[in-house]
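So you can see what is in the structure, the chains are spelled out below.
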Amino acid sequence: MAKQEDVFKTIVAHAKEYGFVFQSSEIYDGLSAVYDYGQNGVELKNNIKRYWWEAMTMLNDNIVGIDSAIFMHPTIWKASGHVDAFNDPLIDNKDSKKRYRADVLIEDEIAKFDEKINKEVAKAAKRFGDSFDEAMFRQTNPRVLEHTRKRDELHTRFAKAMNDNDLADLKQIILDYEIVDPISGTRNWTDVRQFNLMFKTEMGSTADGAMEVYLRPETAQGIFVNYLNVQKTGRMRIPFGIAQIGKAFRNEIVARQFIFRMREFEQMEMQFFVRPGEELKWFDHWRQTRLRWHKALGLGDEKYRFHDHEKLAHYANAATDIEFQMPFGFKEVEGIHSRTNFDLSQHEKFSGKKIQYFDPELNESYVPYVIETSIGVDRMFLSVLCSCYEAQDLGNGDSRVVLHFPAPIAPVKCAVLPLVKKDGLPEKAREIQHRLRFDFTCQYDEKDSIGKRYRRQDAIGTPYCITVDHQTLEDNTVTLRERDSMEQSRVNVDDLQRILGDSVSLNSLLRKLV
Ligand code: ATP
(Lines give C-alpha, C1' and ligand atoms only; values in the text may rest on other atoms or scores of the structure.)
Protein backbone atom coordinates (compact mmCIF):
# COMPACT_ATOMS: atom_id res chain seq x y z
CA MET A 1 0.00 0.00 0.00
CA ALA A 2 2.75 2.43 0.99
CA LYS A 3 4.33 1.80 -2.37
CA GLN A 4 1.15 2.73 -4.22
CA GLU A 5 0.92 5.91 -2.15
CA ASP A 6 4.44 6.82 -3.22
CA VAL A 7 3.57 6.19 -6.86
CA PHE A 8 0.58 8.48 -6.49
CA LYS A 9 2.70 11.23 -4.93
CA THR A 10 5.15 10.94 -7.81
CA ILE A 11 2.32 11.25 -10.33
CA VAL A 12 0.97 14.35 -8.58
CA ALA A 13 4.46 15.90 -8.63
CA HIS A 14 4.85 15.00 -12.31
CA ALA A 15 1.48 16.60 -13.11
CA LYS A 16 2.77 19.85 -11.65
CA GLU A 17 6.26 19.74 -13.08
CA TYR A 18 5.03 19.19 -16.62
CA GLY A 19 2.21 21.72 -16.68
CA PHE A 20 -0.80 19.44 -16.25
CA VAL A 21 -2.31 20.46 -12.89
CA PHE A 22 -1.44 23.26 -10.46
CA GLN A 23 -2.80 23.98 -7.01
CA SER A 24 -5.19 26.93 -7.29
CA SER A 25 -3.89 30.25 -5.90
CA GLU A 26 -0.55 28.63 -5.18
CA ILE A 27 1.37 31.89 -4.65
CA TYR A 28 -1.11 32.63 -1.85
CA ASP A 29 -0.47 29.20 -0.32
CA GLY A 30 -3.27 27.55 -2.25
CA LEU A 31 -7.00 27.04 -1.89
CA SER A 32 -7.92 23.63 -0.61
CA ALA A 33 -9.41 21.15 -3.09
CA VAL A 34 -9.39 23.63 -5.98
CA TYR A 35 -7.04 23.09 -8.89
CA ASP A 36 -6.02 24.78 -12.14
CA TYR A 37 -5.13 22.99 -15.35
CA GLY A 38 -1.90 24.02 -17.03
CA GLN A 39 -0.83 24.16 -20.66
CA ASN A 40 -0.75 20.38 -21.13
CA GLY A 41 -3.57 19.60 -18.72
CA VAL A 42 -6.06 21.78 -20.54
CA GLU A 43 -5.32 20.01 -23.84
CA LEU A 44 -5.79 16.56 -22.31
CA LYS A 45 -8.95 17.71 -20.57
CA ASN A 46 -10.39 19.24 -23.75
CA ASN A 47 -9.65 16.05 -25.67
CA ILE A 48 -11.43 13.91 -23.05
CA LYS A 49 -14.40 16.24 -23.27
CA ARG A 50 -14.41 16.11 -27.07
CA TYR A 51 -14.27 12.32 -27.01
CA TRP A 52 -17.33 12.23 -24.74
CA TRP A 53 -19.21 15.00 -26.55
CA GLU A 54 -18.74 13.53 -29.99
CA ALA A 55 -19.55 9.99 -28.81
CA MET A 56 -22.82 11.34 -27.42
CA THR A 57 -23.96 13.92 -29.94
CA MET A 58 -22.39 12.77 -33.21
CA LEU A 59 -22.82 9.01 -32.89
CA ASN A 60 -26.42 9.20 -31.72
CA ASP A 61 -29.14 10.74 -33.91
CA ASN A 62 -31.32 11.19 -30.87
CA ILE A 63 -28.92 12.97 -28.50
CA VAL A 64 -28.41 16.73 -28.60
CA GLY A 65 -26.32 19.00 -26.40
CA ILE A 66 -27.01 22.13 -24.39
CA ASP A 67 -25.03 24.55 -22.26
CA SER A 68 -27.13 25.84 -19.38
CA ALA A 69 -26.17 28.56 -16.88
CA ILE A 70 -24.54 27.79 -13.56
CA PHE A 71 -26.95 30.10 -11.71
CA MET A 72 -30.50 28.87 -11.68
CA HIS A 73 -33.71 29.78 -9.90
CA PRO A 74 -33.30 28.73 -6.26
CA THR A 75 -36.59 26.85 -6.25
CA ILE A 76 -35.03 24.34 -8.65
CA TRP A 77 -32.86 23.09 -5.79
CA LYS A 78 -35.87 22.86 -3.52
CA ALA A 79 -37.68 20.78 -6.15
CA SER A 80 -34.70 18.52 -6.80
CA GLY A 81 -34.30 17.78 -3.09
CA HIS A 82 -30.84 19.31 -2.83
CA VAL A 83 -31.82 22.01 -0.30
CA ASP A 84 -33.21 19.45 2.13
CA ALA A 85 -31.20 16.34 1.42
CA PHE A 86 -27.88 17.05 -0.31
CA ASN A 87 -26.04 16.46 2.92
CA ASP A 88 -23.09 14.51 4.20
CA PRO A 89 -22.87 13.41 7.84
CA LEU A 90 -19.77 14.99 9.37
CA ILE A 91 -17.88 14.30 12.57
CA ASP A 92 -14.91 16.09 14.18
CA ASN A 93 -12.09 14.67 16.20
CA LYS A 94 -11.60 16.94 19.22
CA ASP A 95 -7.88 16.21 19.51
CA SER A 96 -6.69 16.57 15.93
CA LYS A 97 -9.43 19.14 15.14
CA LYS A 98 -9.85 17.32 11.83
CA ARG A 99 -13.20 16.85 10.17
CA TYR A 100 -14.34 13.57 8.59
CA ARG A 101 -17.34 12.16 6.82
CA ALA A 102 -18.86 9.70 9.27
CA ASP A 103 -20.09 7.46 6.42
CA VAL A 104 -16.58 7.31 4.92
CA LEU A 105 -15.01 6.34 8.27
CA ILE A 106 -17.49 3.47 8.53
CA GLU A 107 -17.09 2.44 4.88
CA ASP A 108 -13.32 2.25 5.46
CA GLU A 109 -13.99 -0.04 8.42
CA ILE A 110 -16.16 -2.28 6.21
CA ALA A 111 -13.38 -2.33 3.62
CA LYS A 112 -11.01 -3.66 6.31
CA PHE A 113 -13.16 -6.80 6.63
CA ASP A 114 -13.06 -7.18 2.85
CA GLU A 115 -9.29 -6.86 2.93
CA LYS A 116 -9.04 -9.58 5.61
CA ILE A 117 -11.25 -11.88 3.55
CA ASN A 118 -9.24 -11.25 0.40
CA LYS A 119 -5.99 -11.95 2.26
CA GLU A 120 -7.30 -15.33 3.43
CA VAL A 121 -8.39 -16.16 -0.13
CA ALA A 122 -5.05 -15.10 -1.60
CA LYS A 123 -3.14 -17.15 0.99
CA ALA A 124 -5.22 -20.26 0.28
CA ALA A 125 -4.96 -19.78 -3.49
CA LYS A 126 -1.17 -19.82 -3.15
CA ARG A 127 -1.25 -22.90 -0.94
CA PHE A 128 -3.61 -24.98 -3.12
CA GLY A 129 -2.40 -23.85 -6.54
CA ASP A 130 -4.41 -24.95 -9.58
CA SER A 131 -6.79 -27.12 -7.58
CA PHE A 132 -8.08 -24.09 -5.61
CA ASP A 133 -11.85 -23.65 -5.68
CA GLU A 134 -12.36 -20.04 -4.58
CA ALA A 135 -16.15 -20.12 -4.39
CA MET A 136 -16.07 -23.24 -2.21
CA PHE A 137 -13.36 -21.73 0.03
CA ARG A 138 -15.40 -18.56 0.55
CA GLN A 139 -18.46 -20.62 1.50
CA THR A 140 -16.74 -22.97 3.93
CA ASN A 141 -13.59 -21.52 5.49
CA PRO A 142 -14.42 -20.68 9.13
CA ARG A 143 -12.23 -17.57 9.28
CA VAL A 144 -13.67 -16.19 6.04
CA LEU A 145 -17.19 -16.96 7.24
CA GLU A 146 -16.56 -15.15 10.53
CA HIS A 147 -15.16 -12.04 8.78
CA THR A 148 -18.07 -12.11 6.31
CA ARG A 149 -20.60 -12.33 9.12
CA LYS A 150 -19.05 -9.36 10.92
CA ARG A 151 -18.82 -7.37 7.71
CA ASP A 152 -22.47 -8.00 6.83
CA GLU A 153 -23.58 -7.16 10.35
CA LEU A 154 -21.80 -3.80 10.20
CA HIS A 155 -23.01 -3.13 6.67
CA THR A 156 -26.65 -3.79 7.56
CA ARG A 157 -26.49 -1.55 10.61
CA PHE A 158 -24.73 1.21 8.64
CA ALA A 159 -27.21 1.06 5.72
CA LYS A 160 -30.12 1.28 8.15
CA ALA A 161 -28.61 4.28 9.98
CA MET A 162 -28.00 6.05 6.66
CA ASN A 163 -31.47 5.31 5.31
CA ASP A 164 -33.15 6.38 8.56
CA ASN A 165 -30.89 9.43 8.82
CA ASP A 166 -30.03 8.18 12.31
CA LEU A 167 -27.04 10.37 13.17
CA ALA A 168 -26.84 9.11 16.76
CA ASP A 169 -26.39 5.54 15.58
CA LEU A 170 -23.74 6.59 13.05
CA LYS A 171 -21.76 7.96 15.99
CA GLN A 172 -22.49 4.86 18.06
CA ILE A 173 -21.15 2.65 15.24
CA ILE A 174 -17.93 4.67 15.23
CA LEU A 175 -17.63 4.19 19.01
CA ASP A 176 -18.65 0.51 19.01
CA TYR A 177 -16.13 -0.39 16.32
CA GLU A 178 -13.46 1.66 18.08
CA ILE A 179 -12.70 3.68 14.97
CA VAL A 180 -9.83 6.06 15.69
CA ASP A 181 -8.78 9.29 14.02
CA PRO A 182 -5.87 8.37 11.73
CA ILE A 183 -4.05 11.54 12.79
CA SER A 184 -4.48 11.78 16.56
CA GLY A 185 -5.14 8.08 17.04
CA THR A 186 -7.89 8.91 19.55
CA ARG A 187 -11.61 8.19 19.81
CA ASN A 188 -12.49 11.64 21.11
CA TRP A 189 -15.32 12.34 18.63
CA THR A 190 -18.02 15.03 18.49
CA ASP A 191 -21.62 14.17 17.61
CA VAL A 192 -22.45 13.57 13.95
CA ARG A 193 -24.11 16.51 12.18
CA GLN A 194 -25.59 16.96 8.71
CA PHE A 195 -23.77 19.36 6.43
CA ASN A 196 -25.27 20.71 3.19
CA LEU A 197 -22.81 20.60 0.33
CA MET A 198 -24.20 23.46 -1.77
CA PHE A 199 -22.36 26.78 -2.02
CA LYS A 200 -24.57 29.85 -1.60
CA THR A 201 -24.16 33.35 -2.91
CA GLU A 202 -26.33 36.42 -3.48
CA MET A 203 -27.73 37.81 -6.67
CA GLY A 204 -28.76 41.46 -7.06
CA SER A 205 -27.94 44.39 -4.78
CA THR A 206 -28.50 43.82 -1.09
CA ALA A 207 -30.47 47.11 -0.82
CA ASP A 208 -33.27 45.58 -2.91
CA GLY A 209 -33.22 42.41 -0.88
CA ALA A 210 -30.83 40.16 -2.74
CA MET A 211 -31.91 36.73 -3.79
CA GLU A 212 -29.98 33.83 -2.35
CA VAL A 213 -28.79 31.56 -5.15
CA TYR A 214 -26.71 28.40 -5.26
CA LEU A 215 -23.78 27.34 -7.38
CA ARG A 216 -25.12 24.20 -9.05
CA PRO A 217 -23.92 20.96 -7.42
CA GLU A 218 -24.70 19.00 -10.61
CA THR A 219 -25.35 19.94 -14.22
CA ALA A 220 -28.34 17.60 -14.55
CA GLN A 221 -30.98 20.06 -13.28
CA GLY A 222 -30.09 22.46 -16.11
CA ILE A 223 -31.12 19.67 -18.48
CA PHE A 224 -34.37 18.84 -16.67
CA VAL A 225 -35.58 22.44 -16.63
CA ASN A 226 -34.83 22.72 -20.36
CA TYR A 227 -36.53 19.45 -21.22
CA LEU A 228 -39.59 21.14 -22.78
CA ASN A 229 -37.52 23.74 -24.67
CA VAL A 230 -35.34 21.13 -26.33
CA GLN A 231 -38.09 18.59 -26.95
CA LYS A 232 -40.29 21.19 -28.65
CA THR A 233 -37.71 23.18 -30.60
CA GLY A 234 -35.77 20.09 -31.65
CA ARG A 235 -38.99 18.12 -32.32
CA MET A 236 -37.43 15.29 -30.35
CA ARG A 237 -39.27 12.00 -30.05
CA ILE A 238 -38.85 9.65 -27.15
CA PRO A 239 -36.44 7.97 -26.59
CA PHE A 240 -34.00 10.89 -26.79
CA GLY A 241 -31.18 12.38 -24.75
CA ILE A 242 -29.75 15.77 -23.77
CA ALA A 243 -26.03 16.04 -23.04
CA GLN A 244 -24.16 18.75 -21.21
CA ILE A 245 -20.62 19.45 -20.02
CA GLY A 246 -20.09 22.02 -17.31
CA LYS A 247 -18.81 23.08 -13.93
CA ALA A 248 -20.36 21.85 -10.69
CA PHE A 249 -19.58 22.92 -7.13
CA ARG A 250 -19.72 20.98 -3.89
CA ASN A 251 -18.47 22.10 -0.52
CA GLU A 252 -16.94 18.68 0.16
CA ILE A 253 -16.17 18.08 3.83
CA VAL A 254 -13.05 16.09 3.25
CA ALA A 255 -11.34 16.83 0.01
CA ARG A 256 -8.52 14.40 -0.66
CA GLN A 257 -6.65 12.57 -3.31
CA PHE A 258 -5.74 15.47 -5.52
CA ILE A 259 -8.30 16.08 -8.28
CA PHE A 260 -10.37 13.05 -7.27
CA ARG A 261 -12.52 15.08 -4.89
CA MET A 262 -12.63 18.78 -5.61
CA ARG A 263 -14.86 21.65 -4.53
CA GLU A 264 -15.11 22.98 -8.09
CA PHE A 265 -15.12 20.32 -10.78
CA GLU A 266 -16.57 19.49 -14.15
CA GLN A 267 -19.22 16.97 -15.12
CA MET A 268 -20.32 15.41 -18.38
CA GLU A 269 -23.92 14.37 -17.97
CA MET A 270 -26.51 12.94 -20.29
CA GLN A 271 -30.16 12.50 -19.43
CA PHE A 272 -31.97 10.01 -21.61
CA PHE A 273 -35.77 10.32 -21.65
CA VAL A 274 -37.74 7.10 -22.11
CA ARG A 275 -41.21 5.61 -21.87
CA PRO A 276 -42.31 4.60 -18.35
CA GLY A 277 -41.73 0.87 -17.99
CA GLU A 278 -38.84 0.80 -20.44
CA GLU A 279 -36.32 2.37 -18.09
CA LEU A 280 -34.57 -0.80 -16.98
CA LYS A 281 -33.98 -1.89 -20.57
CA TRP A 282 -32.37 1.51 -21.27
CA PHE A 283 -30.47 1.43 -17.99
CA ASP A 284 -28.83 -1.78 -19.14
CA HIS A 285 -28.16 -0.31 -22.59
CA TRP A 286 -26.36 2.73 -21.13
CA ARG A 287 -24.43 0.65 -18.61
CA GLN A 288 -22.92 -1.35 -21.48
CA THR A 289 -22.52 1.61 -23.82
CA ARG A 290 -20.65 3.66 -21.27
CA LEU A 291 -18.32 0.81 -20.34
CA ARG A 292 -17.51 0.36 -24.02
CA TRP A 293 -16.62 4.07 -24.24
CA HIS A 294 -14.16 3.67 -21.37
CA LYS A 295 -12.64 0.46 -22.65
CA ALA A 296 -12.11 1.82 -26.17
CA LEU A 297 -9.34 4.01 -24.72
CA GLY A 298 -7.29 0.86 -24.18
CA LEU A 299 -6.19 1.65 -20.63
CA GLY A 300 -6.75 -2.02 -19.68
CA ASP A 301 -10.11 -3.81 -19.44
CA GLU A 302 -9.19 -5.25 -16.04
CA LYS A 303 -9.04 -1.74 -14.56
CA TYR A 304 -12.82 -1.30 -14.72
CA ARG A 305 -15.60 -2.81 -12.70
CA PHE A 306 -19.26 -2.14 -12.02
CA HIS A 307 -20.40 -1.42 -8.51
CA ASP A 308 -24.16 -1.79 -8.20
CA HIS A 309 -25.73 0.32 -5.48
CA GLU A 310 -27.34 -1.53 -2.62
CA LYS A 311 -28.75 1.60 -1.05
CA LEU A 312 -30.64 3.56 -3.68
CA ALA A 313 -31.48 7.24 -3.51
CA HIS A 314 -35.21 7.66 -2.85
CA TYR A 315 -35.91 8.59 -6.49
CA ALA A 316 -33.82 5.89 -8.18
CA ASN A 317 -34.86 2.37 -9.09
CA ALA A 318 -31.46 1.19 -10.31
CA ALA A 319 -27.96 2.61 -10.04
CA THR A 320 -24.46 1.49 -10.75
CA ASP A 321 -21.01 3.04 -10.72
CA ILE A 322 -18.22 2.42 -13.17
CA GLU A 323 -15.16 2.15 -10.97
CA PHE A 324 -11.58 2.52 -12.13
CA GLN A 325 -8.48 1.12 -10.49
CA MET A 326 -6.69 4.21 -9.16
CA PRO A 327 -3.42 3.91 -7.21
CA PHE A 328 -5.58 4.22 -4.07
CA GLY A 329 -8.02 1.44 -5.03
CA PHE A 330 -11.09 0.98 -7.23
CA LYS A 331 -12.99 4.29 -7.21
CA GLU A 332 -16.11 5.71 -8.84
CA VAL A 333 -15.51 7.59 -12.07
CA GLU A 334 -19.01 7.51 -13.50
CA GLY A 335 -22.52 6.91 -12.20
CA ILE A 336 -25.40 5.48 -14.23
CA HIS A 337 -28.76 6.02 -12.61
CA SER A 338 -32.32 5.17 -13.41
CA ARG A 339 -33.96 8.28 -11.92
CA THR A 340 -37.59 7.36 -12.70
CA ASN A 341 -39.75 10.43 -13.40
CA PHE A 342 -38.77 12.00 -10.08
CA ASP A 343 -37.03 15.15 -11.31
CA LEU A 344 -39.48 16.10 -14.05
CA SER A 345 -42.46 15.43 -11.75
CA GLN A 346 -40.93 17.57 -9.03
CA HIS A 347 -40.38 20.42 -11.48
CA GLU A 348 -43.99 20.04 -12.65
CA LYS A 349 -45.12 20.36 -9.06
CA PHE A 350 -42.88 23.27 -8.06
CA SER A 351 -43.18 25.29 -11.29
CA GLY A 352 -46.85 24.63 -11.92
CA LYS A 353 -46.02 23.92 -15.61
CA LYS A 354 -47.04 20.74 -17.33
CA ILE A 355 -43.93 18.76 -18.27
CA GLN A 356 -45.28 15.90 -20.31
CA TYR A 357 -44.70 14.12 -23.55
CA PHE A 358 -47.46 13.16 -25.94
CA ASP A 359 -46.53 9.75 -27.31
CA PRO A 360 -48.14 9.46 -30.76
CA GLU A 361 -47.67 5.68 -30.85
CA LEU A 362 -49.39 5.12 -27.52
CA ASN A 363 -51.75 8.04 -28.05
CA GLU A 364 -51.20 9.18 -24.46
CA SER A 365 -49.27 11.76 -22.45
CA TYR A 366 -46.86 10.96 -19.64
CA VAL A 367 -43.95 12.35 -17.65
CA PRO A 368 -40.92 10.63 -19.19
CA TYR A 369 -38.62 8.39 -17.18
CA VAL A 370 -34.93 9.18 -17.17
CA ILE A 371 -31.66 7.29 -17.37
CA GLU A 372 -28.70 9.44 -16.41
CA THR A 373 -25.04 8.91 -17.20
CA SER A 374 -22.83 11.18 -15.13
CA ILE A 375 -19.07 11.27 -15.33
CA GLY A 376 -16.55 13.61 -13.73
CA VAL A 377 -14.09 15.10 -16.22
CA ASP A 378 -11.45 15.50 -13.54
CA ARG A 379 -11.77 11.93 -12.29
CA MET A 380 -11.55 10.70 -15.86
CA PHE A 381 -8.44 12.87 -16.30
CA LEU A 382 -6.96 11.36 -13.14
CA SER A 383 -7.66 7.79 -14.25
CA VAL A 384 -6.00 8.45 -17.61
CA LEU A 385 -3.01 10.13 -15.99
CA CYS A 386 -2.47 7.42 -13.36
CA SER A 387 -2.81 4.48 -15.71
CA CYS A 388 -0.58 6.03 -18.39
CA TYR A 389 2.27 7.04 -16.11
CA GLU A 390 5.36 4.84 -16.22
CA ALA A 391 8.85 5.30 -14.81
CA GLN A 392 10.71 3.05 -17.23
CA ASP A 393 14.10 1.49 -16.69
CA LEU A 394 15.81 1.35 -20.08
CA GLY A 395 18.86 -0.60 -18.87
CA ASN A 396 22.50 0.53 -18.78
CA GLY A 397 21.62 3.08 -16.11
CA ASP A 398 19.23 4.88 -18.44
CA SER A 399 15.61 5.62 -17.60
CA ARG A 400 12.72 7.77 -18.68
CA VAL A 401 9.29 8.84 -17.47
CA VAL A 402 6.68 8.31 -20.11
CA LEU A 403 2.97 8.99 -20.29
CA HIS A 404 1.42 6.36 -22.55
CA PHE A 405 -1.64 8.46 -23.41
CA PRO A 406 -3.96 7.04 -26.07
CA ALA A 407 -2.74 9.07 -29.07
CA PRO A 408 -6.13 10.69 -29.88
CA ILE A 409 -6.32 12.36 -26.47
CA ALA A 410 -2.62 13.18 -26.00
CA PRO A 411 -2.11 16.94 -25.36
CA VAL A 412 0.55 17.29 -28.04
CA LYS A 413 0.41 15.00 -31.07
CA CYS A 414 3.87 15.57 -32.48
CA ALA A 415 7.07 17.51 -31.96
CA VAL A 416 9.29 18.68 -34.79
CA LEU A 417 12.96 18.70 -33.80
CA PRO A 418 15.87 19.92 -35.92
CA LEU A 419 18.89 17.73 -35.11
CA VAL A 420 21.14 20.78 -34.86
CA LYS A 421 20.46 24.50 -34.68
CA LYS A 422 22.24 25.35 -37.94
CA ASP A 423 22.74 24.42 -41.61
CA GLY A 424 19.17 25.32 -42.53
CA LEU A 425 17.65 22.52 -40.36
CA PRO A 426 15.60 24.86 -38.12
CA GLU A 427 14.07 26.50 -41.22
CA LYS A 428 13.15 23.12 -42.69
CA ALA A 429 11.71 21.97 -39.35
CA ARG A 430 9.60 25.15 -39.09
CA GLU A 431 8.30 24.51 -42.58
CA ILE A 432 7.22 20.97 -41.63
CA GLN A 433 5.64 22.20 -38.41
CA HIS A 434 3.69 24.78 -40.38
CA ARG A 435 2.32 22.07 -42.67
CA LEU A 436 1.20 19.92 -39.74
CA ARG A 437 -0.15 22.54 -37.36
CA PHE A 438 -3.52 22.85 -39.14
CA ASP A 439 -4.32 19.22 -38.29
CA PHE A 440 -2.35 18.45 -35.13
CA THR A 441 -1.17 20.16 -31.96
CA CYS A 442 2.45 20.34 -32.88
CA GLN A 443 5.46 21.63 -30.94
CA TYR A 444 8.80 22.89 -32.20
CA ASP A 445 11.86 22.39 -30.00
CA GLU A 446 15.51 23.07 -30.80
CA LYS A 447 17.00 23.37 -27.30
CA ASP A 448 19.35 20.74 -25.78
CA SER A 449 20.47 17.39 -27.17
CA ILE A 450 18.03 15.31 -29.19
CA GLY A 451 17.96 12.69 -26.40
CA LYS A 452 16.85 15.29 -23.85
CA ARG A 453 14.20 16.59 -26.21
CA TYR A 454 12.80 13.07 -26.70
CA ARG A 455 12.61 12.66 -22.91
CA ARG A 456 10.73 15.95 -22.54
CA GLN A 457 8.16 14.81 -25.09
CA ASP A 458 7.87 11.36 -23.47
CA ALA A 459 7.17 13.07 -20.15
CA ILE A 460 4.13 14.87 -21.59
CA GLY A 461 3.00 11.85 -23.62
CA THR A 462 3.62 13.10 -27.18
CA PRO A 463 3.06 10.07 -29.44
CA TYR A 464 5.44 11.16 -32.25
CA CYS A 465 8.72 13.02 -32.60
CA ILE A 466 9.84 14.10 -36.05
CA THR A 467 13.56 14.70 -36.37
CA VAL A 468 14.92 16.81 -39.20
CA ASP A 469 18.55 16.13 -40.16
CA HIS A 470 20.91 16.85 -43.05
CA GLN A 471 19.45 14.01 -45.10
CA THR A 472 16.06 15.74 -44.92
CA LEU A 473 17.45 18.58 -47.02
CA GLU A 474 18.56 16.09 -49.66
CA ASP A 475 15.65 13.64 -49.95
CA ASN A 476 12.77 15.20 -47.97
CA THR A 477 12.68 12.33 -45.43
CA VAL A 478 12.63 12.61 -41.63
CA THR A 479 13.04 10.26 -38.69
CA LEU A 480 9.71 9.43 -37.11
CA ARG A 481 10.08 8.21 -33.51
CA GLU A 482 7.21 6.44 -31.82
CA ARG A 483 6.84 7.17 -28.11
CA ASP A 484 6.04 3.74 -26.62
CA SER A 485 8.33 1.50 -28.65
CA MET A 486 10.92 4.27 -29.21
CA GLU A 487 11.28 2.77 -32.68
CA GLN A 488 12.51 5.08 -35.39
CA SER A 489 11.68 4.88 -39.07
CA ARG A 490 12.54 6.98 -42.06
CA VAL A 491 9.49 8.47 -43.76
CA ASN A 492 8.81 11.02 -46.43
CA VAL A 493 7.60 14.42 -45.24
CA ASP A 494 4.65 14.18 -47.65
CA ASP A 495 3.43 11.03 -45.83
CA LEU A 496 3.46 12.51 -42.33
CA GLN A 497 -0.07 13.86 -42.43
CA ARG A 498 -1.49 10.48 -43.38
CA ILE A 499 0.61 8.42 -40.94
CA LEU A 500 -0.13 10.67 -38.00
CA GLY A 501 -3.72 11.22 -39.01
CA ASP A 502 -4.50 7.49 -38.94
CA SER A 503 -3.27 7.07 -35.41
CA VAL A 504 -3.97 10.32 -33.57
CA SER A 505 -7.40 11.27 -34.88
CA LEU A 506 -10.37 11.03 -32.56
CA ASN A 507 -12.18 9.17 -35.33
CA SER A 508 -10.08 6.10 -34.66
CA LEU A 509 -11.54 5.98 -31.15
CA LEU A 510 -15.08 6.87 -32.16
CA ARG A 511 -15.13 4.14 -34.81
CA LYS A 512 -14.59 1.53 -32.09
CA LEU A 513 -17.90 2.54 -30.55
CA VAL A 514 -20.28 1.87 -33.41
P1 ATP B 1 -18.86 10.43 -4.45
O2 ATP B 1 -19.67 9.28 -3.86
O3 ATP B 1 -17.46 10.05 -4.83
O4 ATP B 1 -18.96 11.68 -3.65
P5 ATP B 1 -21.14 10.95 -6.00
O6 ATP B 1 -21.79 9.61 -6.03
O7 ATP B 1 -21.66 11.98 -5.08
O8 ATP B 1 -19.56 10.79 -5.82
P9 ATP B 1 -22.40 11.86 -8.37
O10 ATP B 1 -23.27 12.82 -7.66
O11 ATP B 1 -23.00 10.61 -8.91
O12 ATP B 1 -21.12 11.51 -7.46
O13 ATP B 1 -21.61 12.64 -9.53
C14 ATP B 1 -21.28 12.06 -10.76
C15 ATP B 1 -19.81 12.11 -11.03
O16 ATP B 1 -19.28 13.41 -10.78
C17 ATP B 1 -18.98 11.18 -10.16
O18 ATP B 1 -18.97 9.88 -10.69
C19 ATP B 1 -17.62 11.82 -10.20
O20 ATP B 1 -16.90 11.41 -11.35
C21 ATP B 1 -17.93 13.29 -10.32
N22 ATP B 1 -17.78 13.96 -9.01
C23 ATP B 1 -18.67 14.02 -8.01
N24 ATP B 1 -18.18 14.73 -6.98
C25 ATP B 1 -16.94 15.14 -7.34
C26 ATP B 1 -15.92 15.92 -6.71
N27 ATP B 1 -16.10 16.44 -5.50
N28 ATP B 1 -14.77 16.13 -7.38
C29 ATP B 1 -14.58 15.63 -8.62
N30 ATP B 1 -15.50 14.90 -9.26
C31 ATP B 1 -16.67 14.64 -8.65
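Throughout what follows, the structure given in this document is the object of discussion.

## Things to note about the overall build of the protein
Right, so step 1: Helix and strand counts for the protein come out as 18 helices and 23 strands.
Right, so step 2: When its C-alpha atoms are laid out on the principal axes, the protein stretches across 80 × 65 × 60 Å.
Right, so step 3: The buried share of the protein, reckoned over its 514 residues, is 50%.
Right, so step 4: Long-range contacts, defined as pairs at least 24 residues apart, comprise 65% of the intrachain contacts of the protein with a sequence gap of at least 6.
Right, so step 5: Total accessible area computed for the protein in this model is approximately 25300 Å², and 49% of it derives from carbon and sulfur atoms.
Right, so step 6: Here the protein contributes 72 positive and 80 negative side-chain charges, whose respective centroids are spaced 1 Å apart.

## A look at the pairing of strand β10 (residues 264–274)
The side chains of a regular strand alternate between the sheet's two faces.
Right, so step 1: Among the 11 residues that make up β10, 10 are buried, leaving the element largely enclosed by the rest of the structure.
Right, so step 2: Direction of pairing for strand β9 (residues 240–249) relative to β10: antiparallel, over a ladder of 10 bridges. The residue of β10 that forms the bridge with Phe249 is Glu264.
Right, so step 3: In this structure, β10 lies alongside strand β16 (residues 369–376), joined through 8 bridges in antiparallel fashion. Residue pairing for β16: Phe273 is matched across the bridge by Val370.

## Points about the site of the ligand
Right, so step 1: Every one of the 15 residues lining the ligand counts as a neighbour, but Glu252, Arg261, Met262, Glu332 and Val333 are closest to it.
Right, so step 2: In this structure, a nitrogen atom belonging to the ligand sits 3.4 Å away from a main-chain N or O atom of Phe260.
Right, so step 3: Protein chains shield 83% of the accessible area of the ligand, which is 600 Å² for the free molecule.
Right, so step 4: Breaking the shell around the ligand down by element, the ones donating at least two residues are β10, β13 (329–338) and β16.
Right, so step 5: Here the shell around the ligand gets 5 residues from one element, more than from any other, and that element is β13.

## What about the packing of aromatic side chains?
Right, so step 1: Here the structure, examined in full by the defined rule, presents 19 aromatic pairs.
Right, so step 2: Their ring planes at 15° and their centres at 4.5 Å tell us that Tyr51 and Trp293 sit as a pair that is stacked. Taken together, the positions of Tyr51 in helix α2 (residues 39–57) and Trp293 in helix α11 (residues 279–295) put the pair 242 residues apart, joining distant regions of the chain.
Right, so step 3: Judged by its relative accessible area of 1%, Trp293 falls in the buried class.
Right, so step 4: Ring plane angle 20° and centroid distance 5.9 Å describe the contact between Tyr227 and Phe240, whose orientation is recorded as stacked. Residue Tyr227 is located in helix α10 (residues 227–233), and its partner Phe240 is located in strand β9; the two are separated by 13 residues in the primary sequence. The same class applies to Tyr227 as to Phe240, namely buried.

## Section: the side chain of Asp103
Right, so step 1: Along the polypeptide, Asp103 turns up in helix α5 (residues 102–128).
Right, so step 2: Residue class for Asp103 comes out buried when judged on its relative accessible area of 5%.
Right, so step 3: A polar contact of 3.0 Å, which involves the side chain of Asp103, links it to the side chain of Arg101.

## Focus: the sheet that holds strand β5 (residues 99–101)
Within a sheet, adjacent strands bond to each other through the backbone by hydrogen bonds, running parallel or antiparallel.
Right, so step 1: Strand order across the open sheet formed by 3 strands is β5-β4-β6, with antiparallel pairing between neighbours. Unpaired on one side and paired on the other, β5 and β6 (193–196) mark the two borders of the sheet. With direction set aside, neighbouring strand axes in the sheet form an average angle of 45°.
Right, so step 2: Of the pairings in the sheet, the one linking strand β4 (residues 87–92) to β6 comprises 4 bridges and is antiparallel in character. Directly across from Asn87, in β6, lies its bridge partner Asn196.

Here is what the cut-offs are and how they apply
- Residues numbered from 1 in each chain as written.
- Predicted model: local features only at pLDDT ≥ 70, side-chain atom pairs only at ≥ 80, totals over all residues.
- Heavy atoms only, no water.
- Helix = DSSP H or I, 4+ residues; strand = E, 2+ residues; numbered from the N terminus.
- Buried < 20%, exposed > 50% of the residue type's maximum accessible area, 1.4 Å probe, protein only.
- Contact = heavy atoms within 4.5 Å.
- Areas by Shrake-Rupley, 256 points an atom, 1.4 Å probe, with all protein chains shown as cover.
- Lys, Arg positive; Asp, Glu negative; His and termini not counted.
- Charge placed at Lys NZ, Arg CZ, Asp CG, Glu CD.
- Pairing = 2+ DSSP bridges.
- Near = heavy atom within 4 Å.
- Polar contact = N/O pair within 3.5 Å; in protein donor to acceptor, adjacent residues only side chain to side chain.
- Phe/Tyr/Trp six-rings, centres within 6.5 Å; stacked < 30°, edge-to-face > 60°.
- Axes fitted to C-alpha atoms, helices over the stretch in contact; angles between N-to-C directions.

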